[in-house]
Amino acid sequence: MIIEFFGPPGSGKTTFAHALAQQLRGKGYNATVALSYEPSTRAGSFDLGILLFVSRIVSAIFSTARILLSSVGRLDEVANSFSMVRLIPPKKRIWRARIWRYILHLSRCWNAAKQSPKIVIFDQGYVQAIGSLAIFNGDTDLEALEKALCLAPPADLTIRLVVPAAIVESRLRQRMEREPPAERIFEADLNVNMRSIGVFEAINDLLATSRREIVSVDNTDRQATLKSICQVEKQIISALLRTEMPEKQSEFPNSLTGVPASAAAPPRNRDMGSRLAWASIFALLIYIGGAGLTSLAQLAIARLIGPRNYGIYSYVLAWTSVLAYLATLGFNVSLLRFVPAYRANGRLDLARGVIRFALQRSLVAATLFGAIGATSVLLFSDHTQSGLETSIMLGMVAVPLITAYALGATLVRAFGGVVSALLPERIVRDGLLLVLVALLAKSGLRTVDAPSVTLAVVVSSAFTVGLVFITARKFEPPGLRQAKPSYASREWWSAAPPLMLITGLDVFVSRAGVLVLGWTDHIREAGIFALALNIAMLVGLSRIAVATMFSPTAADLYARGDRNGLQQLFARATLLSAGGAIVVAIPMMLIAEPFLRYFGDGYAAGAPIARVLILGYVFVALCGPQQNLLTMTGNEWAAATTMIAGAVANIIACGAGVAIYGPIGAAVGVALALSIWSVAMAIYIGKRLKIMPGLVFALLSLKPSAIEAHQWNWFLRASK
């Protein structure tokens, strides 16, 4: 069921919509608010809102690009948005672009809502968008309005919020006082907004003439709002009962189970494969952009400071990353599970509680880890190596900062801002690091060495923390800040140990070679190895991108007991992961040596290291997103156990390899450990989940009659 609101700015549509959704959820209905947006508020008199301004533009570009890329076969959505804007074009180009983008997003969400069993509430639907076009056009006649309304698909229930003009004006003035100056570029002035009252009067008359069901409610004050919510709630429940009555005749309960047929066998999503492919491609574009910027920053640093200083910097950064992600205590994963679940159930008190709980415990742990690391340096380090000692001390300062922005990015994702969560860490942090290092080199005020670059990491991390929490506040659901926190500490702690191990060891495994070389005083070789590793890790981006869409879909299929669907999804994800890795690996293998030589003859020795590591990451990609499959099917401890085994194998193999062959031995050890780890997970998945390796299933799919026999043989072997 789709419900949409309309009314002038300041009439309280967003607040009313969220209150209505919460009321419906309290009665047992699955209700959600779509495309909701609240104007941001100033943090203080000096807050100009520039960061929010930039983040909104970047987020809008990426989200619109995603929709355009995935609009193959859905060109009606793009055409519909263009038709409305051409029919009633706003005078300013910025408003024309903004409303066109909103209608494009609205079309996508509206089509999804029509297929959803939920009650989907649009606080700003098509009627509101058409009203906005008329407001910013300034000279729209009734004929154009009527044509635009004919283009808009009708909601099941349309609600008009009626508020006196004096109250609207008062609310708008208060909103403008609270808004950062940069944000006002996107907003209209008071006179334009007040003109909207007459526009929505005309729209209401046109809707009434077309016999559309409209409910007018009073939203003047709190008492009137509560009364209106009850009124609308009765209308919705009445409409739902009318809709369900005919359906119940064809949904007689099963005589044995008492469950309707529709509930016993939920429909399969036939478009699952194409959604996975498009979402993975879009995620891969973001990761490639971020990885490209990261690689550019790392390569620029390597060229500026030379192999030995780069070795010190890489060794310190490896320890800093491991400690920071261990200090998240797994909440950078579990918050993605808890916060959306609590929001869906209307438990904002628990959502606020778990956020506060996670931030407090994780930041205390990060501060403790940093303090222990700094103390260890002061007591046990070789004080003759001042560059290494200073760099480690600065790295320990960065530990709480990295933990903070990792958790902040998780909150943004939990609030629904997927692209906005990726941008600060993937783009802003390394972009600022590159700028700072370039300024140091250009100014000549300070020698560009390992300590100065590590200091730049601290500064860029601090800036990223501020940006990511400002973004989180922007996406924060209404009412969360006012909710009194409740705590379910036992439930939250129970999920922490395996996720903490998975998160920390994942970072540790990828940097084991650098750490082992640093431990054994091969600092210069550690720098060469780190640069080769940065190149090789580009091959693994396809697996990470595929996992972005794979994880929630796999969790849904597993919860429904659809093992065949999970097998097919895993096979498709493996093909996408393997294909992307091979496409990236082939040119990387060819250009590794000339590319590294460009940064100095000292780095050319990293070419064979890069090739060996590339082969290791290709093998992992060929196995697909196995770790995500285990985590999303409730096998966190199994994933953590395999991670521990992989980390131990990595350390042993790297240590033996370094002792025998030096840096190339470390690369062989890492590649071998990655392969053993992947095979161990495949065996466990076959034994526990009865899921075949993705590539094997995909190859057998070419001959469907062979799948059943091979599955049986695979399960027999896996169960031994």
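The coordinates are above.
Values in this document were obtained by computation on a predicted structure and should not be read as measured data.

**Focus: helix 5 (residues 126-137)**
Stage number 1. Between its first and last C-alpha, helix 5 extends 16 Å over 12 residues, near the 16 Å set by a 1.5 Å rise per residue.
Stage number 2. Within the sequence span of helix 5, burial applies to Tyr126, Val127, Gln128, Ala129, Ile130, Gly131, Ser132, Leu133, Ala134, Ile135, Phe136 and Asn137.
Stage number 3. Directly beyond the C-terminal end of helix 5, a positive phi value near 85 degrees is found at Gly138.

**Examining unusual backbone geometry**
Stage number 1. Positive phi values are uncommon outside glycine, yet Leu329 reaches one of about 60 degrees.
Stage number 2. Its location among the elements puts Leu329 in the loop between helix 11 (272-327) and helix 12 (331-344).
Stage number 3. The exposure class assigned to Leu329 is buried, which follows from its relative accessible area of 11%.
Stage number 4. Not every positive phi belongs to a glycine, and Lys690 is a case in point at roughly 60 degrees.

**Concerning the sheet that holds strand 4 (residues 157-162)**
Stage number 1. Taken together, the 5 strands give an open sheet; going across it, the order is 2-3-1-4-5, and neighbouring strands pair in parallel fashion. The sheet terminates laterally at strand 2 (31-34) and strand 5 (214-218), the two strands that pair on one side only. In this sheet, neighbouring strand axes are inclined to one another by 25 degrees on average, regardless of whether the strands run parallel or antiparallel.
Stage number 2. Examined bridge by bridge, strand 2 and strand 3 (residues 119-122) share 4 bridges and lie parallel to one another. Within strand 3, the residue paired with Ala31 across the bridge is Ile119.
Stage number 3. Against the sheet, helix 1 (residues 13-26) contacts strand 1 (2-6), strand 2, strand 3, strand 4 and strand 5, and its axis sits at roughly 160 degrees relative to strand 2.

**Regarding the packing of aromatic side chains**
Stage number 1. Tallied over the full model, the rule gives 9 aromatic pairs.
Stage number 2. Three or more aromatic residues link up through ring pairs in this structure, and these residues are Phe331, Phe357, Tyr487, Trp492 and Trp493.

**Observations concerning the pattern of salt bridges**
Stage number 1. Scanning the entire structure with this criterion turns up 4 salt bridges.
Stage number 2. The salt bridge involving Arg160 is made with Glu201; its shortest N-O contact spans 2.9 Å. In this pair, Arg160 is assigned in strand 4 and Glu201 in helix 8 (residues 190-209), connecting sequence segments 41 residues apart.
Stage number 3. A relative accessible area of 37% places Glu201 in the partly exposed class.
Stage number 4. The salt bridge involving Glu169 is made with Arg173; its shortest N-O contact spans 2.9 Å. Of the two residues, Glu169 and Arg173 are both situated in helix 7 (residues 165-178); the distance of 4 residues between them amounts to about one turn of the helix.
Stage number 5. With a relative accessible area of 43%, Arg173 lands in the partly exposed category.

Thresholds, definitions, all that
The numbers attached to residues start from 1 for each chain and follow its sequence in the written order. Whole-chain, interface and lining totals are the exception, using all residues; otherwise, since this is a predicted model, local features are given only for residues with pLDDT of at least 70 and side-chain atom pairs are given and counted only at 80 or more. With hydrogens and water stripped out, all remaining heavy atoms of the structure feed into the side-chain values. In this text, helices come from DSSP runs of H or I with a minimum length of four residues, and strands from runs of E with a minimum of two, each type numbered from the N-terminal end. The span you would expect from a helix comes to 1.5 Å times its residue count less one. Each residue is assigned to one of three classes by its accessible area relative to the maximum for its type, calculated with a 1.4 Å probe on protein chains only: buried under 20%, partly exposed between the two thresholds, exposed over 50%. Paired strands, in this sense, are two strands between which DSSP finds at least two bridges. Think of each axis as a best-fit line through the C-alpha atoms, taken over the contacting stretch in the case of a helix, with angles from 0 to 180 degrees between the N-to-C directions. Throughout, a contact is declared for two residues whenever any of their heavy atoms are within 4.5 Å. The criterion for an aromatic pair is that two Phe, Tyr or Trp rings (for Trp, the six-membered ring) have centres within 6.5 Å, with stacked assigned to planes under 30 degrees apart, edge-to-face to planes over 60 apart and tilted to the rest. A side-chain nitrogen of Lys or Arg and a carboxyl oxygen of Asp or Glu constitute a salt bridge if their distance falls within 4 Å.

Shape descriptors only; they carry no functional weight alone.
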